[in-house]
Each structure stands twice: as C-alpha cells, then as structure tokens.
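What follows is the residue order along each chain.
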Amino acid sequence: MKTMVWFRRDLRLVDNPAWSAATRSGGEVTPVFVLDPDLWDRASRHRKAMLAANLRSLDASLAAQGGRLHVAGGRPERVLPALADRLGSEHIHWNADYTPYARRRDELIASTMPSTRHHGQVVQPPGSILTNEGGRYRVFTPFYRRWAQETIAPIPPPNHVPVRSETGDGIPQTDDAPVEAGEAAALQRLERFDERVDAYPDERDRPDLDTTSRLSIDLKFGTISPLTIIERLGSHTPGREAFVRQLAWRDF
C-alpha cells in the first residue's frame, strides 16, 4: 500500500510513530512537508531559518534512504488530497498537534482522506492521564504522580521501504539558522546535557552558568523525541528526575 507521512513538528526519523507506522505498512512512502501560508507568512526570520535548516537535515536523512522530502506550498487541506490522488497514495499518517488551529485543520483533512493520527510530540497522549474518577487533572503534582507511574510504550523501529524522491517546490531559501539544526545536532545537545544534568535542580536558574538543556528548540521542531530524552537521561538521580518532571509539565 502506498502511504504518505505528513511531517509537521516532528522533523526526525527516530522515535517517530507516524514514520514508523507508514514504513511498516510495507509499500512506498512519500514524506511531505506543507508550507502553510497561514503559519509561514507570520513566522519570524529566525523561526523560518531554523525550520528550513531542519527540513534540509530531514531531507538529507531521507536521501540516505534513497528518497527526498516533498515540500509543497499551500493550504494543507488542498495540497494533501491532491498529492495523494496524483501519487496513488491510499493513506496518510501524521503526528498530532494540539493547538486549536491544528486540530481544526487536521479534522478537516481526516474527513477527506484515509488517515491515522499518532502522538509523536508528547510522552503520554492528551486525555490518557486521568483521575480515579475519570476526569482530567487540574493540578500538576497529582498529575505528575500518575504520569510517572504510567508505562511508556516504545515506538517500533521503522522498516526499510521505498521512499519517493520528488522534492516538490523545494525547501525555501532563508537566513542561516541560529543554531546547528537537525536530528544529529539534537542528539549531540542531549549528550552534552547528560554530562551536567545532575546539577540541573540547583543551577538551572543561574543566568551566569550554561546549565540548561538547550533542547527546547529541538522539542519545538521535533528533531528529538521526549521519549529519546527520557531513555538517555533516566530518572535515577535528583537532577535527572527534575528534568523529566519538566517533560511531564510539558505534557500537562
């Protein structure tokens, strides 16, 4: 079966449930990124530069597998069904985004073509951590206690399948990115943070010290998964537990 993967805030191939599911379906996969004018036109110069650099890195990773990232400008609800029809793609996978705009957009697309939504931005999907009465937590501390008890489901590794090599409109030219982009750079930042994370509770609020994770931009663009961070850091020291707690706050 031919499938598509719609990349958004998940610009990586490792620990990416949408990419994993599409490649495990067995057929040709078309990786797509849509430059939505409603988002692109309002983005700052630095945000555009960082996005473009991350797209180039993702494209290079796909090229190593014999494919390319198909970049198309336009409204996703028009671009994606038309592309699927032209390529004969029978299904589209994406990782959920949770803003009101994204939810309206995704519901519209899901109503027009066969699709599967995954959760690649969070540790636990929204609505999965509930009180004993089945409601949502309104206070973080009890939420965190329940969150920390939940099993983290591993993401199956992707299969090697044919990846379509059309580039579409291509990645736009921008200024240079403010920091090194891509999945490999995100992993390097994680490795460096692993060396100093045990001082995180005491030093994270010290502006004169370089002790923060520097991973926020990677989580923003999805060049690293929160699951990858937890797997690498663990929670076996107070510093590591304190940082993992920040990932729980992000879910909350």
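Check the entry above for the structure.
About the thresholds
- Residues numbered from 1 in each chain as written.
- Predicted model: local features only at pLDDT ≥ 70, side-chain atom pairs only at ≥ 80, totals over all residues.
- Heavy atoms only, no water.
- Axes fitted to C-alpha atoms, helices over the stretch in contact; angles between N-to-C directions.
- Helix = DSSP H or I, 4+ residues; strand = E, 2+ residues; numbered from the N terminus.
- Left-handed = near helix turned anticlockwise from the far one by under 90°.
- Contact = heavy atoms within 4.5 Å.
- Nonpolar A, V, L, I, M, F, W, Y, C, P; charged D, E, K, R; others polar.
- Buried < 20%, exposed > 50% of the residue type's maximum accessible area, 1.4 Å probe, protein only.
- Pairing = 2+ DSSP bridges.
- Right-handed = clockwise from strand over helix to strand, strands pointing away.
- Polar contact = N/O pair within 3.5 Å; in protein donor to acceptor, adjacent residues only side chain to side chain.
- Expected span 1.5 Å × (residues − 1).
- 1 Å grid on protein atoms, 1.4 Å probe; cavity = no way out; pocket = protein on both sides within 12 Å on 5 of 7 lines; lining within 4 Å.
- Points joined across faces, edges and corners; volume = space filled by probe spheres on them.
- Phe/Tyr/Trp six-rings, centres within 6.5 Å; stacked < 30°, edge-to-face > 60°.

Undergrad: Mind showing me how you'd approach the packing of helix α7 (residues 183–194) against helix α10 (residues 226–233) here?
TA: Each packed pair of helices is defined by two parameters, the angle between the axes and the distance between the axes. Running from N to C, α7 and α10 cross one another at 30°; their axes reach a closest spacing of 11 Å. Between α7 and α10 lies a crossing of right-handed hand. Note on element contacts: α10 touches α7 through Thr-228, Ile-229, Arg-232 and Leu-233, opposite Leu-187, Leu-190, Glu-191, Phe-193 and Asp-194. A per-class count over the contact of α7 with α10 returns 5 nonpolar, 1 polar and 3 charged.

Undergrad: Help me out: how do you make sense of the pairing of strand β1 (residues 3–7) in this one?
TA: As a general feature of sheets, a regular strand has side chains that alternate between the two faces. Among the 5 residues that make up β1, 5 are buried, leaving the element largely enclosed by the rest of the structure. Residue alternation in β1 divides its side chains into two sets, Thr-3, Val-5 and Phe-7 and Met-4 and Trp-6, and both sets are buried. Pairing between β1 and strand β2 (residues 29–35): 5 bridges, direction parallel. Following the sheet pairing, Phe-7 is matched in β2 by Phe-33. Following the backbone out of β1, through helix α1 (residues 17–23) and into the adjacent parallel β2, one traces a crossover that is right-handed. By the bridge criterion, 4 bridges tie β1 to strand β4 (residues 91–95) in an arrangement that is parallel. Pairing of Met-4 across the sheet is with Ile-92, part of β4.

Undergrad: Would you mind going over the side chain of His-93 with me for this structure?
TA: Locating His-93 in the fold gives a position in strand β4. Within the local environment of His-93, its side chain forms a polar contact with the side chain of His-118, the two groups lying 2.9 Å apart. Excluding residues within four positions of it along the chain, His-93 makes contact with Thr-3, Met-4, Val-5, Trp-6, Ala-18, Ala-21, Ala-22, Thr-116 and His-118.

Undergrad: I keep staring at α7 and nothing clicks. Help me out?
TA: Helical geometry note: an α-helix holds 3.6 residues per turn, so side chains three or four residues apart project in the same direction. In this model, α7 (12 residues) spans 17 Å end to end at C-alpha, consistent with the 16 Å of a helix rising 1.5 Å per residue. All buried positions along α7 are accounted for by Glu-183, Ala-185, Ala-186, Arg-189, Leu-190, Phe-193 and Asp-194. Along its buried surface, α7 packs onto α3 (45–63), α8 (200–203), α9 (216–221), α10 and α11 (238–251).

Undergrad: What exactly am I supposed to notice about empty space enclosed by the protein here?
TA: Any empty space left between the atoms is revealed when a probe the size of a water molecule rolls over them. This model, assessed by the stated rule, comprises 1 cavity of 30 Å³ or more. By volume, the largest cavity amounts to about 30 Å³. In terms of lining residues, the largest cavity is bounded by Arg-9, Arg-12, Gly-120, Gln-121, Leu-219, Gly-222, Ile-224, Pro-226 and Arg-250. Of the residues assigned to the lining of the largest cavity, the class counts are 3 nonpolar, 3 polar and 3 charged.

Undergrad: Sorry, what's going on with unusual backbone geometry here?
TA: Where the residue is not glycine, phi is negative for most of them; where a peptide bond is considered, it is trans in most cases. The phi dihedral of Asp-15 is positive, around 55°, even though this residue is not glycine. Looking at the secondary structure, you find Asp-15 in the loop between β1 and α1. Asp-15 sits in the buried class, given a relative accessible area of 17%.

Undergrad: Is there a simple way to explain the sheet that holds β2 in this structure?
TA: The pairing of strands in a sheet comes from backbone hydrogen bonds and takes either a parallel or an antiparallel form. Pairing within the open sheet is parallel, and its 5 strands lie in the order β3-β2-β1-β4-β5. Looking at the sheet topology across the chains shown, the edges are occupied by β3 (70–73) and β5 (115–118). This sheet shows a mean twist of 25° between the axes of neighbouring strands, independent of strand direction. Helix α4 (residues 76–87) contacts β1, β2, β3 and β4 of the sheet and is inclined by roughly 155° relative to β2.

Undergrad: Sorry, what's going on with the packing of aromatic side chains here?
TA: By the definition in use, this model includes 13 aromatic pairs. For the ring pair Phe-140 and Phe-252, a centre distance of 5.5 Å and an interplane angle of 65° mean the geometry is edge-to-face. Residue Phe-140 is found in helix α6 (residues 140–149), and its partner Phe-252 is found in the segment after α11; the two are separated by 112 residues along the sequence. What makes Phe-140 buried here is its relative accessible area of 11%. Connected via pairs of aromatic rings, a cluster forms that spans Tyr-137, Phe-140, Phe-143, Tyr-144, Trp-147, Trp-249 and Phe-252.

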